[in-house]
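The residues making up each chain are set out below.
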Amino acid sequence: MFRFEKEIQMGNRLELISGKVGQTLWQLQVLEEVIAKFFVLVVQAKQGMGREDVEVKIGSALKGTFGSTIKELIKEQKMPEALEPRFKHLLAERNWLVHRSRSDSKDAVLTDKGCRDLIVRLDAIAEETTMLLEHVVVEADAFVQSHGVKTENIDESVKRTMEQWFDKIEP
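Predicted model, so just to flag it, every value in this text is computed and none were measured.

Each value, and the rule that gives it
Residues numbered from 1 in each chain as written. Predicted model: local features only at pLDDT ≥ 70, side-chain atom pairs only at ≥ 80, totals over all residues. Heavy atoms only, no water. Helix = DSSP H or I, 4+ residues; strand = E, 2+ residues; numbered from the N terminus. Buried < 20%, exposed > 50% of the residue type's maximum accessible area, 1.4 Å probe, protein only. Contact = heavy atoms within 4.5 Å. Salt bridge = Lys/Arg side-chain N within 4 Å of Asp/Glu carboxyl O. Axes fitted to C-alpha atoms, helices over the stretch in contact; angles between N-to-C directions. Left-handed = near helix turned anticlockwise from the far one by under 90°. Nonpolar A, V, L, I, M, F, W, Y, C, P; charged D, E, K, R; others polar. Core = buried A, V, L, I, M, F, W, Y, C linked by side-chain atoms within 4.5 Å. Arc of directions from axis to C-beta. pLDDT = per-residue confidence, 0-100. Expected span 1.5 Å × (residues − 1).

### Here's the deal with the environment of Gly 22
Mapping Gly 22 onto the fold places it in helix H1 (residues 2-44). The sequence separation of Gly 22 and Leu 122 amounts to 100 residues, and the corresponding C-alpha distance is 9.9 Å.

This is how it looks when you write it as structure tokens:
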């Protein structure tokens, strides 16, 4: 019976870890998409550029890596200085998660402490991702407003986009 109980504990830990890893990766992917669009907005888009051209640039930016987009924003001096070290740290954490988290956290499935340590790190990554996403949205709003786009236009565009998204969701 002892072995069976251990296997159940390991299975429960693995389920928790898998869910947290998935959630964190999804949050990171949202930020990666937003930062790619932000890059196009502040570096590549020009006044009067057509929607089709912008969408091509966004498609291209989305094919790049998170790291290359961050490096380009820094190089072009479009990354807010206060956010630069935070993005660099998050990039390192993202790369750890994708490439080394399993090998570095072998005891996470085997022990409560290992599991807890991994979950704490995953939660920290997810929290920082959310906070940076909020900062990027604020920066994007400030950028477009500084170029003459009125807040009402942004709000209306967001409303239309949300309606399109929710129309695609099946009841």
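There is more to say, and it comes next.
### Notes on the side chain of Ser 105
You can see Ser 105 is positioned in the loop between helix H5 (101-104) and helix H6 (112-146). By relative accessible area, which is 14% here, Ser 105 ends up buried. When neighbours within four sequence positions are excluded, Ser 105 is seen to be in contact with Trp 96 and Leu 118.

### Comments concerning the pattern of salt bridges
Applying the stated criterion to the full structure yields 10 salt bridges. Salt-bridge contacts for Glu 7 lead to Arg 3; the nearest nitrogen and oxygen are separated by 3.3 Å. Of the two residues, Glu 7 and Arg 3 both sit in helix H1, 4 residues apart, roughly one turn of that helix. The class for Glu 7 is partly exposed, based on a relative accessible area of 40%.

### Notes on the packing of H1 against helix H3 (residues 66-75)
Running from N to C, H1 and H3 point in directions that differ by 35°, and their axes come no closer than 10 Å. Crossing hand, H1 versus H3: left-handed. Contacts from Leu 31, Glu 32, Ile 35, Ala 36, Phe 38, Phe 39, Val 42 and Val 43 of H1 reach H3 at Phe 66, Thr 69, Glu 72 and Leu 73. Residues that form the contact of H1 with H3 fall into these classes: 9 nonpolar, 1 polar and 2 charged.

### A few points about the nonpolar core
Counting residues in each nonpolar core, the largest one holds 31 residues, and the members touching the most others are Leu 31, Ile 35, Phe 38, Phe 66, Leu 73, Phe 87 and Leu 90. Elements supplying a minimum of two residues to this core: H1, helix H2 (51-63), H3, helix H4 (84-99) and H6. The leading source of residues in this core is H1, at 10 residues. When residues no more than four places from it in sequence are discounted, the contact partners of Ile 35 are Phe 66, Thr 69, Leu 73, Phe 87 and Val 136.

### Considering the environment of Cys 115
Structurally, Cys 115 can be placed in helix H6. For Cys 115, a relative accessible area of 6% translates into the label buried. With residues near it in sequence (within four places) discarded, Cys 115 still touches Arg 13, Leu 16, Ile 17, Asp 107 and Ala 108.

### Details of H3
The set of residues buried in H3 consists of Phe 66, Gly 67, Thr 69, Ile 70 and Leu 73. One side of H3 carries all its buried residues, which in axial view fall inside an arc of 165°. Residues of H3 that are exposed and point more than 90 degrees away from the buried face comprise Lys 71 and Lys 75. Of the surrounding secondary structure, the elements contacted by the buried residues of H3 are H1, H2 and H4. With its phi angle positive at about 55°, Gln 77 sits one or two positions after the end of H3.

### As for the confidence of the model for the chain
Do not read the predicted coordinates in detail wherever pLDDT is low. Of the residues in the chain, 88% reach a pLDDT of 70 or more, and the chain-wide mean stands at 88. The least confident element of the chain, judged by mean pLDDT, is helix H7 (residues 151-168) at 63; the most confident is H4 at 97.

### Some thoughts on H1
A rise of 1.5 Å per residue sets the reference length of H1, with its 43 residues, at 63 Å; its end C-alpha atoms lie 61 Å apart and thus fit the reference within 8%. When we look at burial in H1, the residues that qualify are Arg 13, Ile 17, Thr 24, Leu 28, Leu 31, Ile 35, Ala 36, Phe 38, Phe 39, Val 40, Val 42 and Val 43. Buried residues in H1 make contact with H2, H3, H4 and H6.

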